[in-house]
Amino acid sequence: MDALDFLVNLDIKADVVYIDPPYPSTMNDYDSFYGHFDRMLNKGVDNHLDLTNKKTFLGNFEKLIKACVGKSKYVVISLNNKCYPSVDALASALSMLLIDYQIVTKEHVYKVTGKENKKTNYEILLICKLKESL
């Protein structure tokens, strides 16, 4: 099930919703990378909210967070320092849905890449306290 469909149809209140989106700067062809899992499970790969397009990411992500308002007190978003949009831009775009937010960072070494200097990355958690209603 698509994350947006799941959240819209969620009929219980959650304490926290954790989101690790395929943001545009790191996953440009999400369907090719993960689509084979959907096909193996006889699921369609065309029916999901696109979070990989730089032009539509913020609007689509806002839809996702709006679906959490009234259903969760917090949303925790996992990002990294190379993400687009930046964590500050994302927090700013979502500000009308938030009471408050906190940014927590931790150095992270990606083992999969072939880059020489792997110590330039850090993981980010954007911890958002949501408004109770829109």
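First, a word on scope: everything that follows refers to the structure included in this document.

Details of the sheet that holds strand E1 (residues 14-19)
Then, in step 1: Taken together, the 4 strands give an open sheet; going across it, the order is E1-E2-E4-E3, and neighbouring strands pair in mixed fashion. Two strands close off the open sheet at either side, each with one partner strand: E1 and strand E3 (98-107). Across the sheet, the axes of successive neighbouring strands diverge by a mean angle of 15°, strand direction being ignored.
Then, in step 2: Two strands pair when backbone bridges link them, and E1 and strand E2 (residues 72-80) are joined in this way by 5 bridges, in the parallel orientation. Bridge pairing links Val-16 to Tyr-74 in E2.
Then, in step 3: Contacts from helix H4 (residues 87-94) reach E2, E3 and strand E4 (122-130), with the element oriented near 165° to E3.

Some thoughts on the pattern of salt bridges
Then, in step 1: Counted according to the given criterion, the structure contains 1 salt bridge.
Then, in step 2: The closest approach of N and O atoms between Lys-66 and Glu-62, which form a salt bridge, is 3.3 Å. Separated by 4 residues within a single helix, Lys-66 and Glu-62 lie in helix H3 (residues 57-66), roughly one turn from each other.
Then, in step 3: The class of Lys-66 is partly exposed, set by a relative accessible area of 37%.

Some thoughts on H4
Then, in step 1: The complete set of buried residues in H4 reads Val-87, Leu-90, Ala-91 and Leu-94. Each buried residue of H4 lies within a common arc of 100° when the element is viewed along its axis, so the set occupies one face.
Then, in step 2: Taken together, the buried residues of H4 touch H3, E2, E3 and E4.

Points about the environment of Gly-70
Then, in step 1: Mapped onto the elements of the fold, Gly-70 is located in the loop between H3 and E2.
Then, in step 2: Judged by relative accessible area, which is 35%, Gly-70 ranks as partly exposed.
Then, in step 3: The sequence separation of Gly-70 and Glu-132 amounts to 62 residues, and the corresponding C-alpha distance is 4.8 Å.

Brief notes about the packing of H3 against H4
When two helices pack together, you describe them by how their axes are tilted relative to each other and by the distance separating the axes.
Then, in step 1: H4 packs onto H3 with a crossing angle of 55° between their chain directions and a minimal axis gap of 10 Å. As the angle between them shows, H3 and H4 are arranged oblique. Crossing angle aside, the handedness with which H3 passes H4 is right-handed. Contacts from Phe-57, Leu-58, Phe-61, Glu-62 and Ile-65 in H3 reach Leu-90, Ala-93 and Leu-94 in H4.

Concerning H3
Then, in step 1: Those residues of H3 lying buried are Phe-57, Asn-60, Phe-61, Glu-62, Leu-64 and Ile-65.
Then, in step 2: Those residues of H3 that are buried are in contact with helix H1 (3-9), E1, E2, H4 and E4.

The rules we used
- Residues numbered from 1 in each chain as written.
- Predicted model: local features only at pLDDT ≥ 70, side-chain atom pairs only at ≥ 80, totals over all residues.
- Heavy atoms only, no water.
- Pairing = 2+ DSSP bridges.
- Helix = DSSP H or I, 4+ residues; strand = E, 2+ residues; numbered from the N terminus.
- Axes fitted to C-alpha atoms, helices over the stretch in contact; angles between N-to-C directions.
- Contact = heavy atoms within 4.5 Å.
- Salt bridge = Lys/Arg side-chain N within 4 Å of Asp/Glu carboxyl O.
- Buried < 20%, exposed > 50% of the residue type's maximum accessible area, 1.4 Å probe, protein only.
- Arc of directions from axis to C-beta.
- Parallel < 35°, antiparallel > 145°, perpendicular 65-115°, else oblique.
- Left-handed = near helix turned anticlockwise from the far one by under 90°.

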